Amino acid sequence: MSIVDYINSMRIREARELLKKRELSVKNIAVSLGYNNDQSFERYFKKIVGMTPGEFRSRTLSGRQDGPDGIS
């Protein structure tokens, strides 16, 4: 795993934790994790997790944590 892949995986791990709370918007989470904009964050999140950050938040808050790739 390259350093870039490692950093991005850590960012996504942190994003998943932050998305479980309603206090921060997706845009604020993206900026706080060092993404240039929320669109690039959403694209990368979907590539890794299999759903958008908004979908992940909705499923997590509704109790449905299973994603298309089985990630909870």
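For clarity, every value in this text was computed on a predicted model and none was experimentally measured.

About the cut-offs
Residues numbered from 1 in each chain as written. Predicted model: local features only at pLDDT ≥ 70, side-chain atom pairs only at ≥ 80, totals over all residues. Heavy atoms only, no water. Core = buried A, V, L, I, M, F, W, Y, C linked by side-chain atoms within 4.5 Å. Buried < 20%, exposed > 50% of the residue type's maximum accessible area, 1.4 Å probe, protein only. Helix = DSSP H or I, 4+ residues; strand = E, 2+ residues; numbered from the N terminus. Contact = heavy atoms within 4.5 Å. Phe/Tyr/Trp six-rings, centres within 6.5 Å; stacked < 30°, edge-to-face > 60°. Lys NZ or Arg CZ within 6 Å of the ring centre and 35° of its normal. pLDDT = per-residue confidence, 0-100.

This part is about the nonpolar core. Across soluble globular proteins, nonpolar side chains have a tendency to be buried as a group. Within the largest apolar cluster, 14 residues are counted, with the highest numbers of intra-cluster contacts made by Ile29, Leu33, Phe41 and Phe45. Listing elements by their share of this core, those giving two or more residues are helix 1 (3-19), helix 2 (26-32) and helix 3 (38-49). A total of 4 residues in this core trace back to one element, the largest contributor, which is helix 1. Filtering out sequence-adjacent residues up to four positions away, Ile29 remains in contact with Ala15, Leu18, Leu19, Leu24, Phe41 and Arg57.

Our focus in this paragraph is the packing of aromatic side chains. Going through the model one piece at a time under the given rule, you end up with 3 aromatic pairs. Considering the side-chain rings of Tyr35 and Phe41, the 5.2 Å spacing of their centres and the 55 degrees angle between planes classify their relative orientation as tilted. We note that Tyr35, like Phe41, is buried. With centroids separated by 5.7 Å and ring planes inclined at 70 degrees, the aromatic side chains of Phe45 and Phe56 adopt a geometry described as edge-to-face. One end of the pair, Phe45, is in helix 3; the other, Phe56, is in helix 4 (residues 53-61), with 11 residues separating them in the sequence. Each member of the pair, Phe45 together with Phe56, is buried. Among the aromatic side chains, those forming a connected cluster through ring pairs are Tyr35, Phe41, Phe45 and Phe56. Note that Arg11 overlies the ring of Tyr35, its terminal NZ or CZ placed 4.5 Å from the centroid.

Below, the discussion takes up the confidence of the model for the protein chain. The pLDDT averaged across the protein chain works out to 87; a share of 88% of its residues lies at or above 70. Least confident of the elements in the protein chain is helix 3, whose mean pLDDT is 92; most confident is helix 2, at 95.

Here the focus is the side chain of Asn8. In this structure, Asn8 sits in helix 1. The exposure class of Asn8 is buried, given its relative accessible area of 12%. If we skip the residues at most four places from it in the chain, Asn8 touches Tyr35 and Tyr44.

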